[in-house]
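# Geometric and topological summary
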Amino acid sequence: MSLHQPMESGQVAQSGSCRVIAVANQKGGVGKTTTTVNLSAGLAEIGWRVLVVDLDPQANATTGLGIDPFAEGVSTYDVLLQTGTMADSIVPTAVENLWVSPSTLDLAGAEIELVSAFSRERRLETALSTVCSGFDYVFIDCPPSLGLLTINALAAAREVMVPIQCEYYALEGLGQLMRNIELVRNSLNSVLEISLIVLVMYDSRTKLSAQVVSEIRSYFGDKVCRQMIPRNIRLAEAPSHGAPVTVTHPRSRGALAYRELAKEVADGALARAG
């Protein structure tokens with residue numbers, strides 16, 4: 001769906017508690033947006049109501065879900081600057097049960113415009129509180145840097161999901177991310193925690209991938225998802241079609257992996273709730 005049409009009034013149904021998850025990694029090119037889009041689609045496919053909030057000025061999650069970032073309408077930029085509401089920004093995607101609050105290139109300027117703003121770190125938290133009851137999951141796609149956009153995401157979320165590629169330098173920048181999360185915990189959001197580590201770009205043919213997996217599992221333990229995401233050309237092609245890989249290539253290895261990851265994430269939440 002390429003039209004930027006807001007969710008109709010009252011379209012958000014009532015549901016139970018909502019998991020708000022910031023998807024973050026200060027290292028670029030790690031499959032952060034790919035994971036946000038395809039995991040969200042996988043969860044929506046099995047019946048959960050999911051909202052993707054695109055906080056990256058590059059708007060890759062927005063375009064990856066078939067929404068035109070240049071179309072007229074309310075975006076996350078307007079939400080943060082409080083010139084539009086979160087409810088008005090939410091638009092449906094072509095995937096049933098999946099919505100997006102789209103980004104726009106204007107969001108790059110929000111970092112500067114928010115510097116002198118009142119309660120600048122909690123703008124997203126305040127906005128999300130007005131719509132959260134209508135969703136089971138909210139995924140916030142963060143930019144690959146620690147500025148006010150990412151801080152807003154970390155202040156609004158209860159959990160952080162970190163995609164880590166199974167490659168050399170995989171842990172580069174992770175220590176800084178963990179320190180920044182601790183800073184946010186101490187000053188803005190005491191319940192924030194890294195709850196999910198997703199291993200992506202896994203290549204079973206290489207010893208390096210196995211070594212990276214072993215190292216990350218030994219450090220993070222059961223926070224590391226069992227399901228790993230393989231290197232798959234279909235995952236790279238899906239954004240050009242403006243849809244998740246579960247739609248463009250539903251039988252591909254990438255689609256199957258994200259479906260299994262969605263089941264694991266959902267089952268883990270149910271197990272904790274029980």
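For the rest of this paragraph, the subject is the packing of aromatic side chains. The relation between two aromatic rings is expressed through the spacing of the ring centres and the mutual angle of the planes. This model, assessed by the stated rule, comprises four aromatic pairs. For the pair W99 and F135, a centre-to-centre distance of 5.7 Å together with 70° between the ring planes defines the contact as edge-to-face. Remark: F135 occurs in the loop between α6 (123–128) and β5 (137–141) and W99 occurs in strand β4 (residues 98–101); sequence separation between them is 36 residues. Among the aromatic side chains, those forming a connected cluster through ring pairs are W48, Y137 and F139.

Below, the discussion takes up the pattern of salt bridges. Counted according to the given criterion, the structure contains twelve salt bridges. A salt bridge links E121 to R120; the shortest N-O distance between them is 3.3 Å. The class for R120 is partly exposed, based on a relative accessible area of 28%. The partner of E193 in a salt bridge is K223, and the shortest N-O contact between them spans 3.8 Å. One end of the pair, E193, is in strand β7 (residues 193–200); the other, K223, is in the loop between α9 (207–220) and α10 (233–237), with 30 residues separating them in the sequence.

So, on to the sheet that holds strand β2 (residues 50–54). With mixed pairing, the seven strands of this open sheet are ordered in space as β3-β4-β2-β5-β1-β6-β7. Bordering the open sheet on either side are β3 (91–92) and β7, each of which pairs with just one other strand. Bridge analysis of strand β1 (residues 19–23) against strand β6 (residues 159–165) gives three bridges, and the strand direction is parallel. Within β6, the residue paired with V23 across the bridge is M161. Strands β1, β5 and β6 of the sheet are contacted by helix α7 (residues 148–156), whose axis makes an angle of about 150° with β1. Contacting β6 and β7, α9 crosses the sheet at an angle of about 170° to β7.

Quick notes on the rules
- Each chain has its residues counted from 1, running along the sequence as written.
- Given that this is a predicted model, residues contribute local features only at a pLDDT of at least 70 and side-chain atom pairs are listed and counted only at 80 or more, while totals for whole chains, interfaces and linings are drawn from all residues.
- Side-chain metrics in this entry use all non-hydrogen atoms of the structure; hydrogen atoms and water are not considered.
- Each aromatic pair joins two rings of Phe, Tyr and Trp (for Trp, the six-membered one) with centres within 6.5 Å, and gets the label stacked for planes under 30 degrees apart, edge-to-face for over 60, and tilted for any other angle.
- A run of H or I in DSSP becomes a helix once it reaches four residues, and a run of E becomes a strand once it reaches two; helices and strands are each numbered from the N terminus.
- What counts as a salt bridge is simple: a side-chain nitrogen of Lys or Arg found within 4 Å of a carboxyl oxygen of Asp or Glu.
- Relative accessibility decides the category of a residue: with a 1.4 Å probe and only protein chains considered, values under 20% of the type maximum give buried, values over 50% give exposed, and everything between is partly exposed.
- Two strands pair if DSSP finds at least two bridges between them.
- Any two residues having at least one pair of non-hydrogen atoms within 4.5 Å are treated as being in contact.
- Throughout, an axis means a line fitted to C-alpha atoms (over the contacting stretch in the case of helices), and angles, computed between N-to-C directions, take values from 0 to 180 degrees.

Any link to function would need more than the numbers given here.
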